[in-house]
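# Breakdown of the fold
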Amino acid sequence: ELQPRMKRQPTLAEEQAREAREAFDLFDLEKRGRIGYHELKVALRALGFDVRKADALRLVASHGAQGAVAEDEFLEIVAEYTSKRDPEAELLKAFELFDEDRTGRISLRNMRRICRELGESLADEELQAMIDEFDGDGDGQISFVEFAAIMRSSDIYE
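An account of the accompanying structure is given in this report. (Residues numbered from 1 in each chain as written. Predicted model: local features only at pLDDT ≥ 70, side-chain atom pairs only at ≥ 80, totals over all residues. Heavy atoms only, no water.)

### Regarding helix H2 (residues 37-46)
Rules: Residue exposure (1.4 Å probe, protein chains only): buried if accessible area is under 20% of the type maximum, exposed if over 50%, otherwise partly exposed. The secondary structure listing takes helices from DSSP runs of H or I that are at least 4 residues long and strands from runs of E that are at least 2 residues long, numbered from the N terminus. Only heavy atoms enter the contact rule, under which two residues are in contact if any of them lie within 4.5 Å.
All of the buried residues along H2 are Leu-40, Lys-41, Ala-43 and Leu-44. Those residues of H2 that are buried lie in contact with helix H1 (14-27), strand S1 (34-36), helix H3 (53-63), strand S2 (68-70) and helix H4 (71-83). Backbone geometry just after H2 places Gly-48 at a positive phi near 95°.

Written out as structure tokens, the structure is:
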């Protein structure tokens, strides 16, 4: 006789779980081992998820008890959100943060702006060297395809 199939719960990679635990600990201000809907919303946003108040309230109601979620419940929530991510859409969103002028390319000007916003001071030569390292078509800028290749080859893209 066939056994009913258990629905497989999404799981987190070790690094993702570590980051999620750090976020939980950071927002568990009273160190009770539980966070309320507001802290849940802020913690999930800190991990890069677009979460609204109504979402957080629904999550607490479905995963938590007494209006709060424990760390293991938080990790389940993060795993669910992570499994629903669209990596290609996120790559495009990240690219668009650099390509402020919407040219479809990341230029030296774009790199200068990002450095300024991050409080970094790099010479134009250093920035251009960064661009040149990944500039596959030799146009002096980074296209979306080149950007995507950079991101996919890094540890960030999982």
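### Quick notes on the pattern of salt bridges
Selection rule: The term salt bridge refers to a side-chain nitrogen of Lys or Arg lying within 4 Å of a carboxyl oxygen of Asp or Glu.
Scanning all chains against the criterion turns up 14 salt bridges. Notably, a salt bridge pairs Arg-18 with Glu-22, separated by 2.3 Å at the nearest N-O pair. Highlighted residues: Arg-18 and Glu-22, both in helix H1, separated by four residues, approximately one helical turn. Accessibility expressed as a relative area gives 46% for Glu-22, which makes it partly exposed. The residue Asp-101 makes a salt bridge to Arg-109 at a minimum N-O spacing of 2.9 Å.

### Here we look at the packing of aromatic side chains
Under the convention used in this document: Stacked, tilted and edge-to-face are the three classes assigned to paired rings of Phe, Tyr and Trp, where Trp is represented by its six-membered ring and a pair needs centres within 6.5 Å; plane angles under 30 degrees give stacked, over 60 edge-to-face, the rest tilted.
All told, the structure shown has five aromatic pairs when counted by the stated rule. By the ring-pair criterion, three or more aromatic residues cluster together here, those being Phe-95, Phe-98, Phe-144 and Phe-147.

### Overview of the packing of H2 against H4
Let me state the cut-off plainly: Only C-alpha atoms enter the line fits that serve as axes; for helices the fit covers just the stretch in contact. Angles between N-to-C directions range over 0 to 180 degrees. Under this scheme an angle from 65 to 115 degrees is roughly perpendicular, one under 35 degrees roughly parallel, and one over 145 degrees roughly antiparallel; angles in between are oblique. Left-handed describes a crossing whose near helix is turned anticlockwise from the far helix by less than a right angle; the clockwise case is right-handed. Gly is put with the polar residues, along with every residue not named as nonpolar or charged; the nonpolar set is Ala, Val, Leu, Ile, Met, Phe, Trp, Tyr, Cys and Pro, and the charged set is Asp, Glu, Lys and Arg.
At a minimum axis separation of 12 Å, H2 and H4 run at an interaxial angle of 45°. Considered as vectors, H2 and H4 are oriented oblique to each other. When you trace H2 past H4, the crossing you get is right-handed. Within the contact between the two elements, H2 uses Leu-40, Ala-43 and Leu-44 and H4 uses Phe-74, Ile-77 and Val-78. Here the contact of H2 with H4 is built from residues that sort into six nonpolar, no polar and no charged.

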